[in-house]
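Coordinates in review
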Amino acid sequence: MTVFHFFAVLSRMKNINRWGLMRNTRQENLCEHSFETAVIAHALAVLRNTRFGGSADPGRAAALALFHDSTEIITGDMPTPVKYFSPKIRSAYREVESVARDRLLGFLPEDLRDSYRPLLGAAESPEDRGLLPLVHAADKISAVIKCVEEKRMGNMEFSSAETALRDAVASLRLPEADCFMAEFLPSFSLTLDEQE
């Protein structure tokens, strides 16, 4: 019997630390970030359906978000200033991500690859492509949350990143994301006692 390594490799997401260029009061790993992004993407889809007349699949949004950075198991977490330094570097990084996606898919039995390909960043269906803006917004919101948490712990190194990320979320012009930022984000600045 052939042994496949896909899920064992995915479990290594917990070993990939984020925010490598920043001093962290608490390290955040890729596994934590992916879970939080999935929870937020699910919430954004629910908000779209409940408040903005949409018909997004919250479960599918969560699944896409859960895997959205999985190629970083192979590539590592490329710091944003490096990743977006120039169009040439961004293009090269996209190629590296594509190679990493193919490598991850190679860890699966062939009959399962088509089910996982869209989750690993190759969204092909119109439904998945329609959910990608929610996943992108959730990814940014998760980063804002990290900045808020770091600042709450007295680490002002995340101040500029927080401002840039808040602006990035606002520039998406997604009412679901704006709603989340207004109604749910403020709670992340509070202590547990203040949340009760």
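Residues numbered from 1 in each chain as written. Predicted model: local features only at pLDDT ≥ 70, side-chain atom pairs only at ≥ 80, totals over all residues. Heavy atoms only, no water.

Our focus in this paragraph is the packing of aromatic side chains. Throughout the structure, instances matching the rule amount to 6 aromatic pairs. A centroid spacing of 6.0 Å and a plane angle of 75° characterise the contact between Phe-7 and Tyr-116, whose relative ring orientation is edge-to-face. Of this pair, Phe-7 sits in helix H1 (residues 6-10) while Tyr-116 is found in helix H7 (residues 110-116), placing the two residues 109 residues apart along the sequence. Taken together, the aromatic side chains of Phe-6, Phe-7, Phe-67 and Tyr-116 make up a single cluster linked through ring pairs. (Phe/Tyr/Trp six-rings, centres within 6.5 Å; stacked < 30°, edge-to-face > 60°. Helix = DSSP H or I, 4+ residues; strand = E, 2+ residues; numbered from the N terminus.)

Under the counting rule described, the total for this entry stands at 10 salt bridges. The partner of Glu-150 in a salt bridge is Lys-146, and the shortest N-O contact between them spans 2.6 Å. Residue Glu-150 and its partner Lys-146 are located together in helix H8 (residues 126-152), separated by 4 residues, close to a single helical turn. Judged by relative accessible area, which is 2%, Glu-150 ranks as buried. (Salt bridge = Lys/Arg side-chain N within 4 Å of Asp/Glu carboxyl O. Buried < 20%, exposed > 50% of the residue type's maximum accessible area, 1.4 Å probe, protein only.)

Attention now moves to the nonpolar core. Phe-6, Leu-44 and Ile-141 are the most contacted members of the largest nonpolar core, which totals 48 residues. Looking at this core, the elements that each hand over two or more residues are H1, helix H2 (30-51), helix H3 (58-66), helix H6 (87-105), H8, helix H9 (159-171) and helix H10 (175-183). Discounting residues that sit within four places of it in the chain, Ile-141 has contacts with Ile-40, Leu-44, Val-169, Ala-177, Phe-180 and Met-181. (Core = buried A, V, L, I, M, F, W, Y, C linked by side-chain atoms within 4.5 Å. Contact = heavy atoms within 4.5 Å.)

It is worth spelling out unusual backbone geometry at this point. The residue Trp-19 is not glycine, and still its phi comes out positive at about 60°. Mapping Trp-19 onto the fold places it in the loop between H1 and H2. Overall, the relative accessible area of 15% leaves Trp-19 in the buried class.

For the rest of this paragraph, the subject is a nonpolar patch on the surface. On the surface, Phe-35, Val-39 and Leu-66 cluster together to form a nonpolar patch covering roughly 280 Å² of accessible area. If you trace the backbone, Leu-66 turns up in helix H3. Overall, the relative accessible area of 39% leaves Leu-66 in the partly exposed class. (Patch = residues over 30% accessible without salt bridge, like charges linked within 9 Å, V, L, I, M, F, W, Y side chains within 5 Å. Areas by Shrake-Rupley, 256 points an atom, 1.4 Å probe, with all protein chains shown as cover.)

So, about the side chain of Arg-18. Of note, Arg-18 is situated in the loop between H1 and H2. Under the relative-accessibility criterion, Arg-18 is labelled buried at 9%. Every residue in contact with Arg-18, bar those within four places of it in the chain, is listed here: Asn-24, Gln-27, Glu-28, Asn-29, Leu-30, His-33, Asp-69, Asp-77 and Ala-143.

This brings us to the packing of H3 against H8. At a minimum axis separation of 9 Å, H3 and H8 run at an interaxial angle of 65°. In terms of orientation, H3 and H8 fall into the roughly perpendicular class. Note on packing geometry: the crossing formed by H3 with H8 is right-handed. Where H3 abuts H8, its residues Arg-60, Ala-61, Leu-64 and Ala-65 lie against Asp-128, Leu-131 and Val-135. A class-by-class count of the residues in the contact of H3 with H8 yields 5 nonpolar, no polar and 2 charged. (Axes fitted to C-alpha atoms, helices over the stretch in contact; angles between N-to-C directions. Parallel < 35°, antiparallel > 145°, perpendicular 65-115°, else oblique. Left-handed = near helix turned anticlockwise from the far one by under 90°. Nonpolar A, V, L, I, M, F, W, Y, C, P; charged D, E, K, R; others polar.)

The next subject is H8. Its 27 residues place the ends of H8 40 Å apart at the C-alpha level, agreeing with the 39 Å of an ideal helix rising 1.5 Å per residue. Taking the largest bend as the criterion, H8 deviates by roughly 30°, centred on Leu-132, and proline Pro-133 comes between one and four positions later. One or two positions beyond H8, positive phi appears at Gly-154, with a value near 90°. (Expected span 1.5 Å × (residues − 1). Bend = angle between axes of the 7 residues up to and from the residue.)

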